[in-house]
Amino acid sequence: MAAVAGVDFGTLSLRVSIVDSERGRLGSAIAEYPLNRSEHDPDFATQRHEDHLSALEKGMREALANAGISGAAIAAIALDTTGSSVIPVDAHMQPLNDYYLWCDHRAHEEAAEITRHARQADLEAIRWCGGVYSSEWGFSKLLHWLRHNLDKRERFASAFEHCDMIAAVLCGVTGPSQAARSVCAMGHKWMWNSGLGGFPPEEFLTAVDPLLAGVPAKLHGRYLTSDQLAGRLSRQWAERLGLPEGIPIPVGAFDAHWDALGAGIREGDAVNVVGTSTCIMAVAKHAGLIPGVCGTVKGSIDPELFGIEAGLSATGDIFQAIAQRAGKSVADLFVGLENYRGGQTGLLRMTWDNGDRTVLVNADLGGATLGWTLTTTARDELFAAIEGTAFHTRIILERMSSHGVPIHRVINGGGIPQRNDVLNRVYANVLNKPVLVPAGDVTSLGSAIFAFLAAGTFRTIEEAQSRLCPGFRTVEPDARQAAVYETLFALYKKLYFAMGEPGSEAAGIGDVLPRLRKIASEVRAQA
């Protein structure tokens, strides 16, 4: 019997869970930190390094108290984070700025430049991350920082993903070259590919902008999967967290990747980690290039398999924005949605409010709702937004399946599905297949799994999953609703590519609004 600490850094808060190898989760705690936005720039999203460290200290102390055990009993600690959340640092590992959070899209021009140069150079690395570079990813964020922080360039020694930065801090690393680098983070967001020799050639990066000269060398480090150690807990941080000095810390990864493990992912599964955004995760023994899908990286979820990542740039954030515009809470707007039927609102919602992460990979898109009438309500729009996120998810799963990634089960993980069966029901009907929902909370459970591996408690991920992961409750599709959604999905798919692809001809979509009204009328008549 052993106990470990699993830590999950989310967009607005972290969760620390104390997990026992026999009894499961003993206790947990949540500590919040602010997200810095700008009313003058909707693309701006940053967080302070100090806020994250303070939250970790607070959350760990509270989790231990809630679990009713001493910190001396903790055998290992593992940490996952959002990403790409980028921190430029100096030679002593001191942050030069706040984190460029994953949802900071200021680097959309830099991303477009990287994509253009990659296509001109026929760069193979870009194909492994879907063919389009994103403003949510590392090189675009770093280039934006270099262009807009002239006074700090001379002190710039390296840049880190949050998961690598936090592990380095806890291990007492004092120089960038000593730090471990996550294969998960760098493979999915920085075009690092072991099969291609690491990063893209420097001549490619300097062709994008000479400011990137020397950057690959500054990103030097030990590139490892999460079954390897980043290091051991330093004396300073052992005292601050109330844990034993020297306990192992495995190499970190992104929150959605480890949440997928906590949800019990196996080959043939797609796990939708639904929260403020949605990450869609899959694993496969063999996987190739998938156009428009964010990345295929060996070892990024399970060290022995290829990890495939896709997703939606906003989900819960869209629900929150709709509620705020209506002057309501999200919980208030959800009241009554359990009685809604697919298609009854007459609306079709393109959920591009924060851009398109997959399949179009276009941050310049904006949300669109078609089919408004004089009696349409905010509650109607919310239901249409749930449908829209489900339609987009189906687009992604079909893209994966058509390129050799089998999807036999769909698991709805993340915080929203745990408390929202309306969403689960819509997803089951839109996908026309059962949706599995973990019977318990899995946030930070993936971190605990890797902590147990580092402690030597379990030999394999599968062994840990069998012992720790909760079972599922199943939401079955309704045949009548699924038939309506089959018709609606054809309209959504037409609009998705006609409106979302740059240079696309939008001809032939004039039948969409009339057909939306017709479907809504038929659904209401059936009731």
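Note that the structure is predicted; figures quoted are calculated from it, not measured.

Observations concerning the confidence of the model for the chain
And then number 1: Here the chain shows a mean pLDDT of 92. Residues at 70 or above account for 97%.
And then number 2: Mean pLDDT across the secondary structure elements of the chain bottoms out at helix 19 (residues 512–526), with 73, and peaks at strand 13 (residues 248–250), with 98.

Side note on the side chain of H188
And then number 1: Here H188 is to be found in helix 6 (residues 183–189).
And then number 2: A relative accessible area of 1% means that H188 is categorised as buried.
And then number 3: Setting aside its immediate chain neighbours within four residues, H188 contacts C129, W137, V183, H257, C294, G295, T296, V297, S300, G307 and E309.

A word on the sheet that holds strand 15 (residues 269–274)
And then number 1: If you walk across this open sheet you meet the seven strands as 17-18-16-15-21-22-23, and the pairing is mixed. With one partner strand each, in any of the chains shown, strand 17 (295–298) and strand 23 (472–475) form the two edges of the open sheet. Direction aside, neighbouring strands of the sheet carry axes that sit 25° apart on average.
And then number 2: The pairing of strand 15 with strand 16 (residues 278–284) spans four bridges and is classified as antiparallel.

Points about the sheet that holds strand 14 (residues 253–254)
And then number 1: Overall, mixed pairing links the five strands, which are arranged 3-2-1-6-14 in an open sheet. Each edge of the open sheet carries a strand with a single partner, namely strand 3 (24–32) and strand 14.
And then number 2: Bridge analysis of strand 1 (residues 3–9) against strand 2 (residues 13–20) gives seven bridges, and the strand direction is antiparallel. When the sheet's bridge partners are listed, A5 is paired in strand 2 with I18.
And then number 3: Most of the contacts of helix 1 (residues 49–67) go to strand 3, to which it runs at about 145°, and overall it touches strand 1, strand 2, strand 3 and strand 6 (74–81).

Overview of the packing of helix 1 against helix 5 (residues 162–171)
And then number 1: The geometry of helix 1 relative to helix 5 is characterised by a closest axis approach of 12 Å and an angle of 60° between their N-to-C directions. When the axes of helix 1 and helix 5 are compared, the pair comes out oblique. The element helix 1 and its partner helix 5 pack so that their crossing is right-handed. For the pair formed by helix 1 and helix 5, the contact residues are H49, H52, L53 and L56 on the first element and H162, M165, I166, V169 and L170 on the second.
And then number 2: By residue class, the composition of the contact of helix 1 with helix 5 is six nonpolar, three polar and no charged.

Here we look at the packing of aromatic side chains
Two aromatic rings, taken as a pair, are described by how far apart their centres are and by the angle between their planes.
And then number 1: Tallied over the full model, the rule gives 16 aromatic pairs.
And then number 2: Here F391 and Y485 contribute two aromatic rings whose centre-to-centre distance is 5.8 Å and whose plane-to-plane angle is 75°, an arrangement assigned as edge-to-face. On the criterion of sequence distance, the pair formed by F391 in helix 13 (residues 378–402) and Y485 in helix 18 (residues 479–500) is long-range, its members being 94 residues apart.
And then number 3: Residue classification places F391 among the buried positions, given a relative accessible area of 1%.
And then number 4: An aromatic cluster is present here, built from W352, F391, Y485, F489, Y492, Y496 and F497 joined pairwise through their rings.
And then number 5: It is R106 that lies over the ring of Y100; its NZ or CZ is 4.4 Å from the centre.
And then number 6: The ring of F160 carries the charged tip of R181 above its face, separated from the ring centre by 3.9 Å.

A short note on helix 5
And then number 1: Most of helix 5 is tucked away: 10 of the 10 residues are buried.
And then number 2: Here helix 5 has its buried residues at H162, C163, D164, M165, I166, A167, A168, V169, L170 and C171.
And then number 3: Looking one or two residues beyond helix 5, the residue adopting positive phi is G172, at roughly 75°.

Side note on empty space enclosed by the protein
Picture a little ball the size of a water molecule; that probe, rolled over the atoms, points out where space is still empty.
And then number 1: Tallied over the entire structure, the rule returns two cavities of 30 Å³ or more.
And then number 2: The computed volume of the largest cavity comes to approximately 50 Å³.
And then number 3: Looking at the largest cavity, the residues that line it are D164, A167, A168, V173, A179, A180, A230, V251 and G252.
And then number 4: Its residues assigned to classes, the lining of the largest cavity comprises seven nonpolar, one polar and one charged.
And then number 5: Estimated volume of the second largest cavity: approximately 40 Å³.
And then number 6: Considering the residues around the second largest cavity, the lining is formed by S182, V183, C184, L224, T225, S226, G252, W258, G299, S300, I301 and F450.
And then number 7: When grouped by side-chain class, the residues that make up the lining of the second largest cavity number six nonpolar, six polar and no charged.

Side note on the layout of surface pockets
And then number 1: Quantified by volume, the largest pocket comes out at close to 1100 Å³.
And then number 2: In terms of lining, the largest pocket is formed by 41 residues, of which the most central are T11, V274, G275, T276 and G415.
And then number 3: Taken together, the elements giving at least two residues each to the lining of the largest pocket come down to strand 2, strand 3, helix 10 (255–262), strand 15, helix 11 (316–326), helix 12 (330–334) and helix 14 (415–419).

The rules we used
- Residues numbered from 1 in each chain as written.
- Predicted model: local features only at pLDDT ≥ 70, side-chain atom pairs only at ≥ 80, totals over all residues.
- Heavy atoms only, no water.
- pLDDT = per-residue confidence, 0-100.
- Helix = DSSP H or I, 4+ residues; strand = E, 2+ residues; numbered from the N terminus.
- Buried < 20%, exposed > 50% of the residue type's maximum accessible area, 1.4 Å probe, protein only.
- Contact = heavy atoms within 4.5 Å.
- Pairing = 2+ DSSP bridges.
- Axes fitted to C-alpha atoms, helices over the stretch in contact; angles between N-to-C directions.
- Parallel < 35°, antiparallel > 145°, perpendicular 65-115°, else oblique.
- Left-handed = near helix turned anticlockwise from the far one by under 90°.
- Nonpolar A, V, L, I, M, F, W, Y, C, P; charged D, E, K, R; others polar.
- Phe/Tyr/Trp six-rings, centres within 6.5 Å; stacked < 30°, edge-to-face > 60°.
- Lys NZ or Arg CZ within 6 Å of the ring centre and 35° of its normal.
- 1 Å grid on protein atoms, 1.4 Å probe; cavity = no way out; pocket = protein on both sides within 12 Å on 5 of 7 lines; lining within 4 Å.
- Points joined across faces, edges and corners; volume = space filled by probe spheres on them.

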